[in-house]
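Remarks on the overall topology
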Amino acid sequence: MSAEAMEMTKETVSSISREGKYLTFELGGEEYGLEILRVKEIIGIMKITSVPRTPTYVKGVINLRGKVIPVIDLRLKFEMEPIEYNERTCIIVVDIADSSRNGLMMGIVVDSVSEVLNIGADEIEDTPTFGTKLDTEYILGMAKVKGNVKILLDIGKVLSVQELESLFKEE
Amino acid sequence: MIAETVLITGLCLVGAAVVAGALYLTRGKAPTTILWIKVSPGILVLCICLFILGKFGAYHYTALGLCVGMGLLVMGGVFTLFVEQAMNPLTRVIEQIAGGTDQIVVASGQLLLSSQSLSDGANEQASSIEETSSSLEEMASMTQQNVGHSKEAMSLVGRSMEKLKEANGLMKSLIESMENTSAASDDVSKIIKTIDQIAFQTNLLALNAAVEAARAGEAGAGFSVVAEEVRNLAMRSSEASLSTQELITDVIKKIEAGTGLVERTDDCYREVAINVQKTNNLMDEIVSASQEQAQGIEQINTAVAEIDKVTQQNAANAEESASASRQMSVQAQKMRDLVEGTAGVGADAGHLGGGGAGFARTVRQAVIPRMFGQKGEKVLLKIAHGK
């Protein structure tokens, strides 16, 4: 009984924790969402200093008001076709800090930033299982907004721990 | 005595006839025979006269009369023979002349006919030459008109060329103006791009503001609304700038198309200018050719006028020759009549001894009409016949 109740509570908590404001952006024609509290800043595309001996998805580092922040290209990370950056291309600076890491910031390059959306719990569904051992851990859920589906990302899990470590060791 | 005279006369007649018959039989129609025939009446008359004288007893005149009479008779006979002999060639000549005159009459008739037809022909020719002359004059005036028209056309072509040059200048101005418009559109496009960039930046700022408002939680609720509004404005200006950009792109495209059309028009004008130049040259040639033609026609006109003069003269000459041949014909007729009369004289002269009847005929036919005319002849004939 108590176990069931705990299950329920957990589910409710996860559901509750998922509802809230998301920053949506576009990538390869699809809409993605980021938890707003993860977002530190949105900036237009700027000069990225490339860093040698890094994976291809790591575009380099930028100087954001005196702070050097690593930048990854989400397209490349998601193994999509790379595109030429244009005036719509944006860098979203996100906080990937968690219990183990503190105040770590990272820039992600997206095709364009859309808007800030308030998404209710009832609009969010769990990630469907694709019947494979596909790693869908970095997906928080699927938001059904105005007939479309937006993929809500857990940006802290997009890069694996190893990747993150290698990235921040470099720095 | 009368019986004796008649007897003697009869004897003499028989004797003369016998002699004449013997002469005719032996000599044919020889001068001797003719002489005998012509002399014998005289001898007969002489013999009768002498017989009558002898009867009245004047014998001493007989021998003398016989001698004188015989001598006169022989002389007359010989003279007659001689005249006949002499007249023979003359008669032949006159006969030939008569033949010739006949021919002259025929020929002069033919000449009359042909000179009349010549005259008619010359008249006809003169009239057709007049027609030719008038058509030539018409032609000359037409050519002059052609020259005038060609000159007018040339001046028109010249004016067209001027207008074409003006159009060319206008075309260049038009192209320049279109290029200016295109450049201005480019400038506007740049400004729109700047506006778009500003809208984009504003959008980013609004989004950042929204993020900050979200972080502020409940306290930032109002601010988030403002941020949303700002973002909407930014989006709208972005959209507006986008549609303006599209419009300007469209305008630029249209201007480019217009420029292309204008260039093609310019090419066409250039071609037209070349053609007009060619037309001008051709017109020039036409004018000079027409002038030459006019000169040629003038020369032809002069020549035709001369031909006309000559033809007029020919016509007059033919007329004159027709009248001359008419006169000639009349004269030939007269001559023939005269010759016929003369031939009669010749023939009669050969027969003087024949009693002069031939001579009388000659006088009637040839002499009287010339002396008294046809009427006089008739009157004389009536007198002669005792009417």
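Rules and cut-offs
Residues numbered from 1 in each chain as written. Chains lettered and ligands numbered in written order. Predicted model: local features only at pLDDT ≥ 70, side-chain atom pairs only at ≥ 80, totals over all residues. Heavy atoms only, no water. Core = buried A, V, L, I, M, F, W, Y, C linked by side-chain atoms within 4.5 Å. Buried < 20%, exposed > 50% of the residue type's maximum accessible area, 1.4 Å probe, protein only. Helix = DSSP H or I, 4+ residues; strand = E, 2+ residues; numbered from the N terminus. Contact = heavy atoms within 4.5 Å. Axes fitted to C-alpha atoms, helices over the stretch in contact; angles between N-to-C directions. Parallel < 35°, antiparallel > 145°, perpendicular 65-115°, else oblique. Left-handed = near helix turned anticlockwise from the far one by under 90°. Phe/Tyr/Trp six-rings, centres within 6.5 Å; stacked < 30°, edge-to-face > 60°. Lys NZ or Arg CZ within 6 Å of the ring centre and 35° of its normal. Patch = residues over 30% accessible without salt bridge, like charges linked within 9 Å, V, L, I, M, F, W, Y side chains within 5 Å. Areas by Shrake-Rupley, 256 points an atom, 1.4 Å probe, with all protein chains shown as cover. Salt bridge = Lys/Arg side-chain N within 4 Å of Asp/Glu carboxyl O. Buried area = accessible area lost by both parts, 1.4 Å probe. Nonpolar A, V, L, I, M, F, W, Y, C, P; charged D, E, K, R; others polar. Pairing = 2+ DSSP bridges.

This part takes up the nonpolar core. Ranked by internal contacts, the top residues of the largest apolar core, which has 39 residues, are Leu74 and Ile92 of chain A. Residue contributions to this core peak at 7 residues, all from helix α3 (residues 62–216) of chain B. In contact with Ile92 of chain A, not counting residues within four places along its chain, are Leu23, Phe25, Leu34, Val39, Glu41, Met106, Gly107, Ile108, Val110 and Val113 of chain A.

Residue and element names in this part refer to chain B. By secondary structure assignment, the location of Asn280 is in helix α4 (residues 221–350). Among the residues examined, Asn280 registers a relative accessible area of 17% and is labelled buried. Residue contacts for Asn280: discarding those within four places in its chain leaves Met154, Val157 and Met161.

A separate point is the packing of helix α2 (residues 31–55) of chain B against α3 of chain B. Residue and element names in this part refer to chain B. Closest axis-to-axis distance for the α2/α3 pair is 9 Å, and the angle between their directions is 155°. Taken together, the axis directions place α2 and α3 in an arrangement best described as roughly antiparallel. Relative to α3, the crossing made by α2 is right-handed. Between α2, through Pro31, Ile34, Leu35, Lys38, Val39, Gly42, Ile43, Leu46 and Leu50, and α3, the contact on the second element is made entirely by Thr62, Gly65, Leu66, Gly69, Met70, Leu73, Gly77, Val78, Thr80, Leu81, Glu84 and Gln85.

Looking now at the packing of aromatic side chains. Residues and elements named next belong to chain A. With the rule as written, the count across this model stands at 3 aromatic pairs over all chains. Look at Tyr32 and Phe78: their rings are 5.9 Å apart centre to centre, the planes differ by 40°, and that puts the pair in the tilted class. Residue Tyr32 is located in strand β2 (residues 30–35), and its partner Phe78 is located in the loop between α2 (74–77) and β6 (90–95); the two are separated by 46 residues in the primary sequence. Residue classification places Tyr32 among the buried positions, given a relative accessible area of 7%. An aromatic cluster is built from Phe25, Tyr32, Phe78 and Tyr138, whose rings are joined through pairwise contacts. Note that Lys77 overlies the ring of Tyr57, its terminal NZ or CZ placed 4.8 Å from the centroid.

With that settled, the discussion passes to a nonpolar patch on the surface. Residue and element names in this part refer to chain B. Together, Val93, Ile97, Ile104, Leu111, Met328 and Met335 make up a nonpolar patch on the protein surface, roughly 470 Å² of accessible area in all. If you list the elements that add at least two residues to the nonpolar patch, you get α3 and α4. By residue number, the principal contributor to the nonpolar patch is α3, which donates 4 residues. Tracing the backbone shows Ile97 in helix α3. Owing to a relative accessible area of 38%, Ile97 belongs among the partly exposed residues under this scheme.

On to the environment of Ser141 of chain B. Here Ser141 of chain B is to be found in helix α3. A relative accessible area of 40% means that Ser141 of chain B is categorised as partly exposed.

Residue-level contacts link 14 residues of chain B with 19 residues of chain A. A combined buried area of about 1,400 Å² lies between chain B and chain A, and 54% of that area is made up of carbon and sulfur atoms. Counting the contacts that link chain B with chain A gives 1 salt bridge. Asp196 of chain B is the partner of Arg88 of chain A in a salt bridge, and the nearest nitrogen-oxygen pair spans 3.2 Å. A total of 10 residues in the side of chain B that touches chain A trace back to one element, the largest contributor, which is α3 of chain B. Taken together, the residues of the side of chain B that touches chain A sort by class into 6 nonpolar, 3 polar and 5 charged.

To continue, consider the sheet that holds strand β4 (residues 58–64) of chain A. Strand order in this open sheet of 5 strands is β3-β6-β7-β5-β4 (chain A), and the pairing throughout is mixed. In the strand order of this sheet, the two ends are held by β3 (39–44) and β4 of chain A, each with one partner. The average undirected angle you get between the axes of adjacent strands in this sheet is 30°. Each of β3 and β6 of chain A touches α3 of chain B; the most contacted strand, β3 of chain A, lies at about 175° to it.

The strand order β8-β1-β2-β11-β10-β9 (chain A) describes an open sheet built from 6 strands, whose pairing is mixed. Of all strands in the sheet, those with a lone pairing partner are β8 (112–119) and β9 (124–125) of chain A, marking the two edges. Pairing of strand β1 (residues 20–27) of chain A with β2 of chain A involves 6 bridges; the strand directions are antiparallel. Each residue of the ladder has a partner; that of Thr24 of chain A, found in β2 of chain A, is Gly33 of chain A. Sitting on the sheet, α3 of chain B touches β1 and β8 of chain A, and the angle it makes with β8 of chain A is about 30°.

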